Structure formats: C-alpha cells, structure tokens
Amino acid sequence: KMVISLLAAAALSAQAPAAEKIEFGHARWDKFPRLERTGHPLPYAQMVEVAELVFDEKQCELDGQSARRFDITIPYAVYLGADGKAERVLVKDLGCAPIQNLVGEVVYQLSELGDFRAGAGAPRWYSDEINLTLE
C-alpha cells in the first residue's frame, strides 16, 4: 500500500523524476501493440481521489465532468527500452494537465517497479488506457 501511495504522491509532485519523460499529445493509440502489465495493481482509488481534487479545485474543466461525477478514459503510449523500463510516456492531451500528468507519472513509476513486459522487438511503443470513474 505504501508503494501505491508513493505513486499517487509522485504524480502530484512538480519535482517528480519522470516529468521530463512525459509528453501530452495525440496518436493513433490503436496502432500500437497492447501494453502487457504484471505485478502491482493500478493505484486506482488514489488516482480517483486526485481526479476528484483536481475537479473540486477547478484546476481544469472537462465537458460533463465534475468533482462529484466523472468518467474519463485516458489513452497513453509508453516507449519501453529493452529492459522494459519507460523511456517516454505520451498521454492523450485532454486539456487537463493535472490528470494527464497523474496518468503519465503512474505509468512511469509502474515501469520503474518492473510491471511492464516488453514484447518481441523491444524497444518500441506500446499503448493502453486508464479509466477514472466516480459516480
């Protein structure tokens, strides 16, 4: 549980180690091979809490989303080196940097914990998505 809390805390830190490796943009997410994860579960509850705080503090606004109710799917791509570690993370630009950074940091930290399996032909890009829902 401490690792999961650290992931969420790192995602909020301006000094997070992955900050220079996280980019926001657009891609054809379905054209990348699917990312295979092993090991630690996503720190989902903590991520939802952060998203709730972002909306509550009006750090950004997304159509149809509020601090009391949201359903956001955030695609991302990660460039894994031969060692299975993230060298770059590209998160879909939703127009909400705090949420995008949260996803990027969590992805990067999970790679540092060894949770990604690089397929044949690594290094290369892989993609997946994270859904954050509060109803």
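The rules behind each value
- Residues numbered from 1 in each chain as written.
- Predicted model: local features only at pLDDT ≥ 70, side-chain atom pairs only at ≥ 80, totals over all residues.
- Heavy atoms only, no water.
- Pairing = 2+ DSSP bridges.
- Helix = DSSP H or I, 4+ residues; strand = E, 2+ residues; numbered from the N terminus.
- Buried < 20%, exposed > 50% of the residue type's maximum accessible area, 1.4 Å probe, protein only.
- Polar contact = N/O pair within 3.5 Å; in protein donor to acceptor, adjacent residues only side chain to side chain.

Q: What's the story with the pairing of strand β4 (residues 86-92) in this structure? I'm lost.
A: For a regular strand, side-chain orientation follows a simple rule: the groups alternate between the two sheet faces. Pairing of strand β1 (residues 22-25) with β4 involves four bridges; the strand directions are parallel. Paired with Gly 25 across the strands is Lys 92, a residue of β4. Where strand β3 (residues 70-80) and β4 come together, five bridges link them in antiparallel fashion. Opposite Ala 77, over in β4, you have Leu 90 as the bridge partner. Counting the residues in the hairpin turn of β3 and β4 gives five residues, including Gly 84, whose phi is positive at 85°.

Q: Which parts of the structure should I look at to understand the environment of Ser 127?
A: Mapped onto the elements of the fold, Ser 127 is located in strand β6 (residues 124-134). Assessed through its relative accessible area of 5%, Ser 127 is described here as buried. Taking the C-alpha atoms as reference points, Ser 127 and Leu 90, 37 residues apart in sequence, are found 9.1 Å from one another. Within the local environment of Ser 127, its side chain forms a polar contact with the backbone oxygen of Trp 29, the two atoms lying 2.9 Å apart.

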